[in-house]
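Fold and contact review
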Amino acid sequence: MCGITGWISYDKDLTAEREVLDAMNRTMSCRGPDADGLWLDTHAALGHRRLAVIDIEGGTQPMSVERDGRTVLVTTYSGEIYNYRELREELGRRGHAFRTSSDTEVALHACLEWGEGFTERLNGMYAFALWDPREQQLLLVRDRMGIKPLYYYPTPDGVLFGSEPKAILAHPSIRPAVDAEGLAELLAMVKTPGHAVYKGMREVRPGHVVRVRREGLTERRYWALEAREHTDDRQTTVRRVRELLDDIVDRQLIADVPLCTLLSGGLDSSVITALAARRLAASGRGPVRSFSVDFAGQTEHFTADALRGTPDGPYAHALAEHAGSDHQDIVLDTAALTDPDHRDAVLRARDLPFGLGEGDTSLYLLFQEIRRRSTVALSGESADEVFGGYRWFHDQDAVRADTFPWLTAFRHSGFTGTDAGGLEALISRDLLAKVDLDGYRDARYRQALAEVPHIEGESATERRMREISYLHLTRFVQFLLDRKDRASMAVGLEVRVPFCDHRLVEYVFNTPWSLKTFDGREKSLLRAATLDVLPESVAQRVKSPYPSTQDPRYADALRDRMRRLLADPGSPARPLLEKEAAERAARGQGHESRQSMELALGIDAWLRRYGTELLI
């Protein structure tokens, strides 16, 4: 893992700008607590903060390759290349010599051997910058699914870049500003590829390379989802899914530091934990460690609601016993969830106001506790997007709606939308009109639909479900991957996401919907492929989202914070709120959702801490 940053300036001598680069690099210290490094040349300055996972002694960065006493390529890199051992062997046969055992050095030599095309040979999660001193050229590279973040800010004479916006915002010439489009992106619950919310800032799109030269910036796509005819029958498809999962988990268990799994007791995390346990036991490295999050008293006093029909605890314990994992529950209380320092830490991790509130805070606290015992964690994230697990995949109103399906589902559940219970329910109607939130969502939806690849002759149902899958794999999952990366890296924990392996994503994307739901349920393929490693209770459990506290004292604390915000004449968010709706929410007399208060409070904290200018 790690944090990276850098500055390319064709009009400056950056060897005199060490102090600026050091300030940018320090913002990434949470991502890389083990070591730091700077590399400066006349027109290029690269920074790195390291979380040591592979080749603890030899993998320091920035890392370079020298030939005949001259630097020919240098990189600052974040992530993991899971097939680096195979690539290293192939490069060795081609005459490349290695000084370390790290995947970083393999990436350098792969680029030297195959040029920009080396990206197509990588299997992993990664974001890195490669500077070629001879060509005076920078490449910014991001993995296919966008697991690892990478932001950049074009300047008149080059570019600034970093793993997170805070690295770029630390540069003295950059001021945080958000225009109408940026605010719409923030509120839309749709993560547009390439969009960074802050004005002038961009995010390298998944599966893309950005080339920086004196003449300017260009962007090239090296991977995208493609439509291919699926010819495998059901039995072959189930077997192929299992073969891929076995190989993926095996590759992602490689680490020179303590490793664990995140276990909720749902199908996805249970599959990863069970497969990891089996592999580690077979190689004599078991048992696997696993961790779950729970809230004080919740398992004992759980009440089913529209989103969550069962508590996670009993199912997580059933899987842990079945797989023989060394399991631990991380139990959080309301005091920890409402602690201002914890909420501030989440804001600083995200660089943007957090609309999920205690969902983000609890994730951060879970990872903080896990980090005391492990450095790497495997997660079940993204299985719902790959296999069609969310309820709205199977809700015909959501499927037929002429918008992103999750927006329709969230409106019905009171999570988001334009109704009184929506995410933006407390935002000023005048402000929403200025940013044209509905228009923005519609434009982003049309943009996404235009990208979807199709196969000639598909039925109307298969065509629509391919579109639904594409929307989730390129839009919705980006929000979740970014959330998990920020919360984990804020405490120096590397989270790996096996279900995002591009081979699995490509294969299942092209599997017909009728096969994905052959038994009339969600995630039929995943369940069928892994029944042998799961207890029956877990295999048959209905999808339940990430848990949320049911303690009424949490909502009371939110309302108290809202009252204080509304009473503060210096609150930067107060003029942005719908006064009557905010007052009702603060009194607990309206229908506004808890999430709408979380968003209002988050915006207030964000504007105070970051000094963000709203250009609206």
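As the structure is a prediction and not an experimental result, all values here were calculated from the model. (Residues numbered from 1 in each chain as written. Predicted model: local features only at pLDDT ≥ 70, side-chain atom pairs only at ≥ 80, totals over all residues. Heavy atoms only, no water.)

Describing the overall build of the protein
Of regular secondary structure, the protein possesses 24 helices and 19 strands. The C-alpha atoms of the protein give 24 Å as radius of gyration, which agrees with the globular expectation for 616 residues (25 Å, within 12%). For the protein, the C-alpha atoms occupy an extent of roughly 75 × 60 × 50 Å along the three principal directions. Out of the 616 residues belonging to the protein, those deemed buried represent 62%. Considering only contacts within the protein whose residues lie at least 6 apart along the sequence, 72% involve residues at least 24 apart. Accessible surface for the protein amounts to roughly 23,300 Å². Of this, 46% is attributable to carbon and sulfur atoms. Charged side chains in the protein number 81 positive and 94 negative. The centres of these two groups are separated by 0 Å. (Helix = DSSP H or I, 4+ residues; strand = E, 2+ residues; numbered from the N terminus. Rg over C-alpha atoms; globule rule 2.2 N^0.38 Å. Buried < 20%, exposed > 50% of the residue type's maximum accessible area, 1.4 Å probe, protein only. Contact = heavy atoms within 4.5 Å. Areas by Shrake-Rupley, 256 points an atom, 1.4 Å probe, with all protein chains shown as cover. Lys, Arg positive; Asp, Glu negative; His and termini not counted. Charge placed at Lys NZ, Arg CZ, Asp CG, Glu CD.)

As for the pattern of salt bridges
For the structure on display, the rule yields 60 salt bridges. In this structure, aspartate 247 and arginine 251 form a salt bridge, with 2.9 Å as the shortest nitrogen-oxygen distance. Placement of both aspartate 247 and arginine 251 in helix H6 (residues 234–252) is noted, with a separation of four residues, approximately one turn of the helix. (Salt bridge = Lys/Arg side-chain N within 4 Å of Asp/Glu carboxyl O.)

As for the confidence of the model for the protein
The predicted model of the protein has a mean per-residue pLDDT of 94, with 97% of residues at 70 or higher. Scored below 50 in pLDDT, residues 414–421 shows 36 contacts in the model against residues more than four places distant or in partner chains. (pLDDT = per-residue confidence, 0-100.)

Notes on the packing of aromatic side chains
For the coordinates displayed, the defined rule picks out 17 aromatic pairs. Judged by centre distance (5.8 Å) and plane angle (20 degrees), the ring pair of phenylalanine 393 and tryptophan 513 falls under stacked. On the criterion of sequence distance, the pair formed by phenylalanine 393 in the loop between helix H12 (383–387) and helix H13 (396–400) and tryptophan 513 in helix H19 (residues 513–516) is long-range, its members being 120 residues apart. With respect to class, phenylalanine 393 is no different from tryptophan 513; both count as buried. Through a chain of ring-to-ring contacts, three or more aromatic side chains come together here, namely Tyr390, Trp392, Phe393, Phe404, Trp406, Phe410, Tyr445, Phe476 and Trp513. Positioned above the aromatic ring of tyrosine 546, the side-chain terminus of arginine 483 is 5.0 Å from the ring centre. (Phe/Tyr/Trp six-rings, centres within 6.5 Å; stacked < 30°, edge-to-face > 60°. Lys NZ or Arg CZ within 6 Å of the ring centre and 35° of its normal.)

With respect to the sheet that holds strand E4 (residues 63–67)
Ordered in space as E4-E5-E6-E7-E12-E13, the six strands form an open sheet in which the pairing is antiparallel. Because the sheet does not close on itself, it has two edges, and the strands there are E4 and strand E13 (216–221). Strand-to-strand twist across the sheet, computed as the mean angle between neighbouring axes with direction ignored, equals 15 degrees. Looking at chain direction, strand E5 (residues 70–81) and strand E6 (residues 124–132) are connected through eight bridges and run antiparallel. When the sheet's bridge partners are listed, tyrosine 77 is paired in E6 with phenylalanine 128. Against the sheet, helix H3 (residues 103–114) touches E4, E5 and E6, its axis set at about 125 degrees to E5. (Pairing = 2+ DSSP bridges. Axes fitted to C-alpha atoms, helices over the stretch in contact; angles between N-to-C directions.)

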